[in-house]
Amino acid sequence: MTRTFDTGLLAQAPAHVRAILSATHETLGLLFDAEPAFGQAKVCPAQMPREHEVNVIVGFTGGIQGQMLFGMSRREAIAMASVLLMEDITEWGMTASGMAEIANIVAGGCATALHQHGFVANITVPSVIAGEHVQITWPNMFILDTSLTLPCATIGVAVGVKVNPQ
């Protein structure tokens, strides 16, 4: 199912960014048996502080180059990992592993969606970064920042990607 964006900035984003967001929406919906809701979208500067305790980053290489970030509170990360692993998670290591796996699944869905739109994209191994006041810089990227609300969490989603000239 392809997610359509009715109005606003999401509808104006480049096709490759819309494909990534659509696949993210669909994949998270399937993983969490829910209909995620997008929050307000905005274009961000290349360098901005992230207000999330947990940030999961996965990269794209090939015809599409850049990264995708999922940000959330530690409580939300634990809740999401618990749903994915179908057990109550109390240990940070299992939470980090669960969040990396969620990012990996979502990024795989994004790579497939990009391929269906004529783009070649490979994904990198996800990185989980925990801590306060994380500064992440994506120079020379179109960065779209939004959120997706699931029953167990509202996560920040930032996409900073560009098409490589071939």
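All of the points below concern the structure found in this document.

Calculation rules
- Residues take numbers from 1 onward in each chain, read along the sequence in its written order.
- Thresholds applied to this predicted model are a pLDDT of at least 70 for local features of residues and 80 or more for the giving and counting of side-chain atom pairs; totals over whole chains, interfaces and linings are not thresholded and use all residues.
- The side-chain numbers reported here are obtained from all heavy atoms of the structure, hydrogens and water having been left aside.
- Per the convention used, a helix needs a DSSP run of H or I reaching at least four residues, while a strand needs a run of E reaching at least two, with both numbered from the N terminus.
- Partly exposed residues are those whose accessible area sits between 20% and 50% of the maximum for their type, while under 20% is buried and over 50% is exposed, using a 1.4 Å probe and protein chains only.
- It only takes one pair of heavy atoms within 4.5 Å for two residues to be counted as in contact.
- Angles run from 0 to 180 degrees between N-to-C directions of axes, and those axes are lines fitted to C-alpha atoms, restricted for helices to the stretch in contact.
- An angle counts as roughly parallel when it lies under 35 degrees, as roughly antiparallel when it exceeds 145, as roughly perpendicular when it falls between 65 and 115, and as oblique in every other case.
- The crossing is said to be left-handed when, going from far helix to near helix, the turn is anticlockwise and less than a right angle, and right-handed when the turn is clockwise.
- Expected span, for any helix, means 1.5 Å times one less than how many residues it has.
- Put simply, a disulfide is two cysteine sulfurs that come within 2.5 Å.
- By the criterion applied in these results, polar contacts are pairs of N or O atoms within 3.5 Å in which, for protein atoms, one can donate a hydrogen and the other can accept it, and in which residues neighboring in sequence qualify only through two side-chain atoms.

Remarks on unusual backbone geometry
Although it is not a glycine, Asp33 sits at a positive phi angle of roughly 45°. Structurally, the position occupied by Asp33 is in the loop between helix H2 (15-31) and strand S1 (37-38). For Asp33, a relative accessible area of 74% corresponds to the exposed category. In this model, Met86 sits at a positive phi of 55°, which is unusual for a non-glycine residue.

Examining the environment of Ile102
Among the secondary structure elements, Ile102 is positioned in helix H4 (residues 92-116). Each C-alpha atom, one on Ile102 and one on Thr137, is 23 Å from the other, the two residues being 35 residues apart in sequence. Non-local contacts of Ile102, meaning those with residues more than four positions away in its chain, are made with Leu28, Leu31, Phe32, Met80 and Leu84.

So, the environment of Val120
Considering the arrangement of structural elements, one finds Val120 in the loop between H4 and strand S6 (121-123). What makes Val120 exposed here is its relative accessible area of 52%. Taking C-alpha positions, Val120 is 9.7 Å from Gln65, a pair spaced 55 residues apart along the chain. Residues within four places of Val120 in sequence aside, it is in contact with Thr61, Gly62, Gly63 and Ile64.

Describing the packing of H2 against H4
Orientation of H2 relative to H4, taken along the N-to-C sense of each, is 135°, at an axis distance of 8 Å. Relative to H4, the element H2 lies oblique. Seen along the crossing, H2 lies across H4 with a hand that is right-handed. On H4, the residues touching His16, Ala19, Ile20, Ala23, Thr24, Thr27, Leu28 and Leu31 of H2 are Ile102, Ile105, Val106, Gly109, Cys110, Ala113 and Leu114.

A look at H2
Across its 17 residues, H2 extends 24 Å between first and last C-alpha, which sits within 8% of the 24 Å expected from 1.5 Å per residue. Across the 17 residues that make up H2, a large majority, twelve, are buried. Residues of H2 that are buried: His16, Val17, Ala19, Ile20, Leu21, Ser22, Ala23, Thr24, His25, Thr27, Leu28 and Gly29. Within two residues after H2, Asp33 carries a phi angle of roughly 45°, on the positive side.

Some details on the state of the cysteines
Overall, the coordinates contain zero disulfides when judged by the stated rule. Just so you know, Cys44 is unpaired, no disulfide at all, and the nearest cysteine sulfur is the one on Cys110, 17 Å from it.

Some words on the side chain of Thr146
Its place among the elements puts Thr146 in strand S9 (residues 142-149). Side-chain polar atoms of Thr146 contact the backbone oxygen of Gly39, separated by 3.1 Å. With residues up to four places along the chain from it excluded, the contact list for Thr146 reads Leu21, Phe38, Gly39, Gln40, Ala41, Ile155, Gly156 and Val157.

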